[in-house]
Amino acid sequence: MNTALSQASLKQIDAAEPQRSTWLSANAGSGKTRVLTNRVARLLLEGTDPQNILCLTYTKAAASEMQNRLFSRLGSWAMMEKGDLSRELHDLGVPHGPDPAFLAQARRLFAQAIETPGGLRIQTIHSFCASLLRRFPREAMVTPGFTELDDRSAAQLRERVADDMAGGEDRALLFDMIKVLGGNDFEKFTAEIVSKKALFEKEHSQNETKALFGLKPEDTLESILSEVFIGGEAEVLEELARLLMLGEDNKNDQLAALKLASLERLDASVLPVLEGVFLNGSGAKFPFSVKVGKFPTKKSLEQIPELEALLPQLEALMLRVEAARPKRIALAAARDAATLNAFARAFLARYRSAKDARGWLDFDDLINKTKTLLTDPQVAQWVLYRLDGGIDHILVDEAQDTSPEQWAVIEQLAQEITSGQGARENRQRTIFAVGDKKQSIYSFQGADATEFERMRDTFEKNLSHHQTQLHRASLDFSFRSSPAILELVDQVFSLHAEAGFRHEEHIPFHADMPGRVDIWEPIAEADKTQDREWYDPVDIVSPGDPMVQLAEQIAAQIKAMINAETLIPTKKEGGTWQARPVHEGDFLILLQRRKDLFHEIIRACKKENLEIAGADRLRINEELAVKDLTALLNFLETPEDDLSLAAVLRSPLFGWSEQALYSLCAHRGHAYLWTALRNTRDEHPETLAILDDLRSQADFLRPFELIDRMLTRHGGRKRILARLGHEAEEAVDAFLGQALAYERSAVPSLTGFLSWLASDDPEVKRQVESAGKRIRVMTVHGAKGLEAPIVIMPETMNRKPPQMGQVLARENGAFYAAARDARPPALAQAHDAALAKLTEERLRLLYVSMTRAEKWLIIAAAGKTDPDKSWYHDISEAAGQLGCETVVEHGHGFRRIERGDWRALQAQEDTPDQTLDVSLEPHLRTHATVPERPA
């Protein structure tokens, strides 16, 4: 056992010690899931009943992965020989010797876990809260048979609530809010209100809101107008406009004159116009300062001597307008905040009532109602007493992504543990949390990176009186990535402590693993002046677009590497790394968004005939197979719909040729297409037989049954897959799932289903984590927890600051996010603070992206790569500090970082085929490096 192995193993054994409470900070690839699994296994070996262990994870996939690993380990123990089992328990850190009784107990754990009522409690916190509320519905005041609300149903319910408000007593609040919102997306706005409903719990008076913006109770729009217009201003402005129009070749002053001449009366609408004329813009050296000496311009003063007489009164007015602007925008912000809060409280009250009437709870409700249940003085002690009889050990996975509300639930669950008292005395009881602040990337779901350290300090304080206090530990060894990648990661984030990177060092477990980082030259921006054909759709990406070029370059490189049988190492034997040729399953392509580049990469890979898993999320209504099935349903509902029938006939469902369809349409005169088709029954008997059968059943079958009849009885599924490939099957199944979802919320009818389907664009998450030997294209968020031998990051160019919502959080309330030029200091401070948090999270997103790579990391970009705006610049700067090598291969230049003797891999002859089944669990895969990239 080498030193690195000893240190890494001892750290994991120490972290998994079951008899003490531990707070574990773990780097990417350091084996967090393994430690969690080891700790649960050791708790079971210590005699803990499986039902007394509660493990809370962040996602269902993580819960399933951990449960599978645990059952795999316990199952293997049941069948192991005595010597092998003794060695495995020793490696696990179990202090017992090869006691036959103890080994027998270890072998029984699998059966014990399987037979535990309800199974091992390894679940998401939302799932746990749902089970708790169902156990105590009366105490929690929820409907016993409540239904968990999905995103689509929630969006439709919000829309229905807004419609009800428009026709109810709250219509004025809705219309006022719409005026403030302007052209912003109303559906996203209401979703944001619901997700931040805690901000609207406390009602604030008008004076309290004014005070937040530095205003006094007596500050009103009328008082501001009285400060600006003290008398005689109407005559001055009228004369000024008349005189400025007399000037020649002075467009700016003449434009100002037109604006002034349009003013009919001196009311609230005048101030923004006067500010635009009299004050400098936001881009000036001194933004929104008065233009004294610059307006009117020198040319106008020379051409129009009469202006001199107006200057004293004009400049005094300009100074008053400048002085009034801060108050005006502060008053507008206070008014918008009051409108937001009034609307949000009314909307949330209606939304809550609508959910209660239907027995629905959304994900936030599950957390908040559980929190209320556990803190209600009338029932909390009873609930905790009942729970305390079933929980001795709480384990929290991905603790950095746990929201403050979720931590409040966990803190209440751990109350008896931290107090040292409970329903069962003299039992060792622990809490264990593992996370990595550097990987906190889910703020849009409520996660707060600062909570990880705050809760650590809280539990440390609560356990300070215990004999066994909270143990802090860290995992610094990376079992995933090669030294080349880890050195670059450390260099990139060495100066970003504000985002959670506090000079932690990533120690490679495989210190001699060959590794490589390639930094391709960015593809320059396209010439936007290039001519396009008049008939080209404006939203079609041109072939010369840099996104298209980069996508084609990526696909070509992958194809070339596979054709050249480029080797990557798989395992170490006899002091040297063995290798195997790459295949499509080795590649993971990570992007920040599902935008143009995302889809262009998938298209380019398919064009190269590469095996690719497709997008990680499906927009159901955009899938060709779903469009064909929807066209069929539209025709069955309305036979006179010629376009839908034509689309169905040309689709794989019937397989008509273009010529056959044209022949039918060209000679039908003014008849409907369906009529013309029936008149040619002898020419198309199969088509008519299917359509007649479906039409005869359309009024009697549910939409699901109708779709299934076409797919199964009439062979539609088989024909769709023959034409569109295996990827279409997932879209078809998702469409059937939507039909079933519709039936749960409405009386099933064909008309209702089509209207329901058209009201939204449902999105389905595809399981591409284990895609076999296929290329995976995913967003960084979707790839959390995954890894791949070769990771390509093509979207590293300039990005605008993260898009902010319309609701800004403040202490005990919320602001409405006004435009940049209309933000008073309090609002600007809140906006900047929120933007800084999002910018820090984007750095953490870069960290997660880079640390998915095992052996080879490829960085690419298309467009600008300016400092402080692009990941590409940050990575390039760090690579330069590490001493990257400039390489030209087949006319293509790029920079490269190498660690380890990876060139020796290419010299290996008669390399055995060691291709692994990539569907195996990640911890069973071996690690390797990659050779030189061919052109």
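This section reports on the structure supplied with the text. All figures in this text were calculated on a predicted structure; none of them were measured in a lab. What you see as residue numbers is a count from 1 along each chain, following the sequence as written. Given that the model is predicted, a residue must reach a pLDDT of at least 70 before its local features are reported, and side-chain atom pairs must reach 80 or more before they are shown or counted; all residues, however, enter totals for whole chains, interfaces and linings. Side-chain measures were taken over the full set of non-hydrogen atoms in the model, leaving aside hydrogen atoms and water.

**Quick look at the overall build of the protein chain**
- Only runs of H or I of at least four residues qualify as helices and only runs of E of at least two qualify as strands under DSSP, and these elements are numbered from the N terminus. Along its length, the protein chain carries 37 helices and 24 strands.
- Each of the three principal axes of the protein chain carries a C-alpha extent, and together these read 110 × 90 × 70 Å.
- Restricting to contacts in the protein chain with at least 6 residues of sequence separation, those with at least 24 account for 77%.
- The Shrake-Rupley method, run with a 1.4 Å probe sphere, supplies the accessible areas, and residue values consider only the shown protein chains as cover. Carbon together with sulfur atoms contributes 50% to the accessible area of the protein chain, which is approximately 44000 Å² in total.
- In the protein chain, 114 positive and 140 negative side-chain charges are present, and the distance between their average locations comes to 3 Å. Note on contacts: a residue pair is in contact if any heavy atoms of the two residues lie within 4.5 Å. Note on charges: Lys and Arg go in the positive column, Asp and Glu in the negative column, and His and the chain ends are not counted at all. Here the site of a charge means atom NZ of a Lys, CZ of an Arg, CG of an Asp or CD of a Glu.

**Quick word on the nonpolar core**
- Buried Ala, Val, Leu, Ile, Met, Phe, Trp, Tyr and Cys residues that are joined via side-chain atoms within 4.5 Å together make up what is termed a nonpolar core. Each residue's exposure class comes from its accessible area (1.4 Å probe, protein chains only) as a fraction of the maximum for that residue type: buried when under 20%, exposed when over 50%, partly exposed otherwise. Leu 488, Met 850 and Leu 857 are the most contacted members of the largest nonpolar core, which totals 73 residues.
- For this core, the leading source of residues is helix H24 (residues 546–563), giving 7 residues.
- Contact partners of Leu 857, with chain neighbours within four places excluded, come to Ile 485, Leu 488, Arg 516, Val 517, Asp 518, Val 791, Met 793 and Met 850.
- Ala 625, Leu 633, Leu 694 and Ala 728 belong to the second-largest nonpolar core, a separate cluster that totals 46 residues.

**Side note on a nonpolar patch on the surface**
- Together, Met 245, Leu 255 and Leu 258 line one region of the surface with nonpolar side chains, adding up to about 280 Å² of accessible area.
- Within the secondary structure layout, Leu 258 lies in helix H14 (residues 251–261). Exposure above 30% relative accessible area and the lack of any salt bridge qualify a residue for a patch; like charges then connect within 9 Å, and the nonpolar side chains Val, Leu, Ile, Met, Phe, Trp and Tyr within 5 Å. Salt bridge criterion: a side-chain nitrogen from Lys or Arg within 4 Å of a carboxyl oxygen from Asp or Glu.

**Concerning the environment of Ser 474**
- Structurally, Ser 474 is set in strand E8 (residues 471–475).
- Here Ser 474 falls in the partly exposed class, since its relative accessible area comes to 28%.
- Here the alpha-carbon distance between Ser 474 and Leu 120, two residues 354 residues apart in the chain, equals 27 Å.
- Ser 474 has contacts with Lys 11, Leu 24 and Ser 25, leaving out every residue within four places of it along the chain.

**Considering the pattern of salt bridges**
- Counted under the stated rule, the structure contains 48 salt bridges.
- Of the charged contacts in the structure, one is a salt bridge between Arg 73 and Glu 88, with a shortest N-O distance of 3.8 Å. Separated by 15 residues along the polypeptide, Arg 73 in helix H3 (residues 60–79) and Glu 88 in helix H4 (residues 82–92) bring together distant segments of the chain.
- For Lys 196, the salt bridge goes to Glu 192, with nearest N and O atoms at 3.0 Å.
- A relative accessible area of 29% means that Lys 196 is categorised as partly exposed.
- Shared partners join several salt bridges into a network, and the residues in it are Lys 197, Lys 355, Asp 362, Asp 364 and Asp 365.

**Focus on helix H17 (residues 307–358)**
- Compared with the 76 Å implied by 1.5 Å per residue over 52 residues, the 70 Å span of H17 between its first and last C-alpha is a close match.
- The largest bend in H17 comes to about 35°, at Ala 324, with the proline Pro 326 one to four residues further on. What a helix should span is 1.5 Å times the count of its residues minus one. Bend angle per residue: angle between axes fitted to the 7 residues ending at that residue and the 7 residues starting there.

**A few points about the side chain of Arg 895**
- Mapped onto the secondary structure, Arg 895 falls in strand E24 (residues 892–899).
- Buried and unpaired, Arg 895 has no salt bridge, with Glu 521 as the nearest side chain of opposite charge at 4.2 Å.
- At a separation of 3.3 Å, a polar atom in the side chain of Arg 895 contacts the side chain of Tyr 872.
- Dropping the residues within four chain positions of it, Arg 895 is found in contact with Val 517, Asp 518, Ile 519, Glu 521, Tyr 872, Ser 876, Cys 884, Glu 885 and Thr 886. For this analysis, a polar contact is any N or O atom pair within 3.5 Å, provided that within protein one partner can donate a hydrogen and the other can accept it, and provided that sequence-adjacent residues contribute only side-chain to side-chain pairs.

**Some thoughts on the packing of aromatic side chains**
- A pair of aromatic rings is counted whenever rings of Phe, Tyr or Trp (Trp by its six-membered ring) have centres within 6.5 Å, and the orientation is called stacked for planes under 30 degrees apart, edge-to-face for over 60 and tilted otherwise. A full pass over the atoms with the stated rule returns 23 aromatic pairs.
- Between Phe 479 and Phe 509, the aromatic rings sit 4.5 Å apart at their centres with planes inclined by 35°, giving tilted as the arrangement. A residue pair is termed long-range when its members are at least 10 positions apart, and Phe 479 in the loop between strand E9 (477–478) and helix H23 (483–492) and Phe 509 in the loop between strand E10 (507–508) and strand E11 (515–520) qualify at 30 residues.
- What makes Phe 479 partly exposed here is its relative accessible area of 21%.
- Of the aromatic side chains, those joined through ring pairs into one cluster are Phe 186, Phe 189, Phe 343, Phe 347 and Tyr 351.
- Whether a charge sits over a ring comes down to the Lys NZ or Arg CZ being within 6 Å of the ring centre and within 35 degrees of the ring normal. Above the plane of the ring of Phe 288 lies Arg 325, whose end atom (NZ or CZ) is 3.6 Å from the centre.
- The positively charged end of Arg 358 is found above the aromatic ring belonging to Trp 360, 5.7 Å away from the centroid.

**Considerations on the pairing of E11**
- By the criterion of burial, E11 is predominantly enclosed, with 6 of the 6 residues buried.
- Burial along E11 is two-sided: Gly 515, Val 517 and Ile 519 facing one way and Arg 516, Asp 518 and Trp 520 facing the other are all buried.
- Pairing between two strands is assigned when DSSP locates at least 2 bridges connecting them. Pairing analysis gives 4 bridges linking E11 to strand E22 (residues 853–859), with the strands arranged parallel. Along E22, the bridge assignment pairs Arg 516 with Trp 856.

**Brief notes about unusual backbone geometry**
- Going from Phe 295 to Pro 296, the amide bond is cis rather than trans, its omega being -10°.
- Topologically, Pro 296 is positioned in the loop between helix H15 (270–278) and helix H16 (298–303).
- Positive phi, close to 60°, is recorded for Asn 609, a residue that is not glycine.
- Along the chain, the position of Asn 609 falls in the loop between helix H25 (596–607) and strand E15 (612–615).
- The phi dihedral of Asp 868 is positive, around 65°, even though this residue is not glycine.

**A word on the side chain of His 684**
- Within the secondary structure layout, His 684 lies in the loop between helix H29 (673–678) and helix H30 (685–697).
- Among the residues examined, His 684 registers a relative accessible area of 17% and is labelled buried.

**Some details on the sheet that holds E8**
- Within the open sheet, the 6 strands sit side by side as E3-E2-E6-E7-E1-E8. Their pairing is parallel. Looking along the sheet, the strands with just one partner apiece sit at the ends: strand E3 (121–124) and E8. Strand-to-strand, the axes of this sheet are offset by a mean angle of 15°, without reference to chain direction.
- Alignment of strand E2 (residues 53–57) against E3, held across 4 bridges, turns out to be parallel. Bridge pairing in E3 links Thr 57 to Thr 124.
- In this analysis, axes come from line fits to C-alpha atoms, helices being fitted only over the stretch in contact, and the angle between any two N-to-C directions falls in the range 0 to 180 degrees. Across the sheet, helix H2 (residues 32–45) lies against strand E1 (22–26), E2, strand E6 (393–396), strand E7 (430–435) and E8, angled at about 165° from E7, the strand it touches most.

**Regarding helix H13 (residues 233–244)**
- Taking 1.5 Å per residue, 12 residues should reach 16 Å; H13 reaches 16 Å between its end C-alpha atoms and fits that length.
- Listing the buried residues of H13 in full gives Glu 233, Val 236, Leu 237, Leu 240, Ala 241, Leu 243 and Leu 244. Taken end-on, H13 shows its buried residues confined to a sector of 165°, consistent with a single buried face. H13 presents Glu 235 and Glu 238 as exposed residues on the side facing more than 90 degrees away from its buried surface. This arc corresponds to the set of directions leading from the helix axis out to the C-beta atoms.

**Topic: the packing of H13 against H14**
- The N-to-C vectors of H13 and H14 enclose an angle of 145°; their axes lie 8 Å apart at closest approach. Here H13 and H14 pass one another in a crossing that is left-handed. Here Leu 237, Leu 240, Ala 241 and Leu 244 of H13 lie close against H14, whose contacting residues are Asp 253, Gln 254, Ala 257, Leu 260 and Ala 261.
- In this count, Pro and Cys sit with the nonpolar residues alongside Ala, Val, Leu, Ile, Met, Phe, Trp and Tyr, while Asp, Glu, Lys and Arg are called charged and the others, Gly among them, polar. Class assignment of the residues belonging to the contact of H13 with H14 gives a composition of 7 nonpolar, 1 polar and 1 charged. Should the near helix be turned anticlockwise from the far one by less than a right angle, the crossing is termed left-handed; should it be turned clockwise, right-handed.

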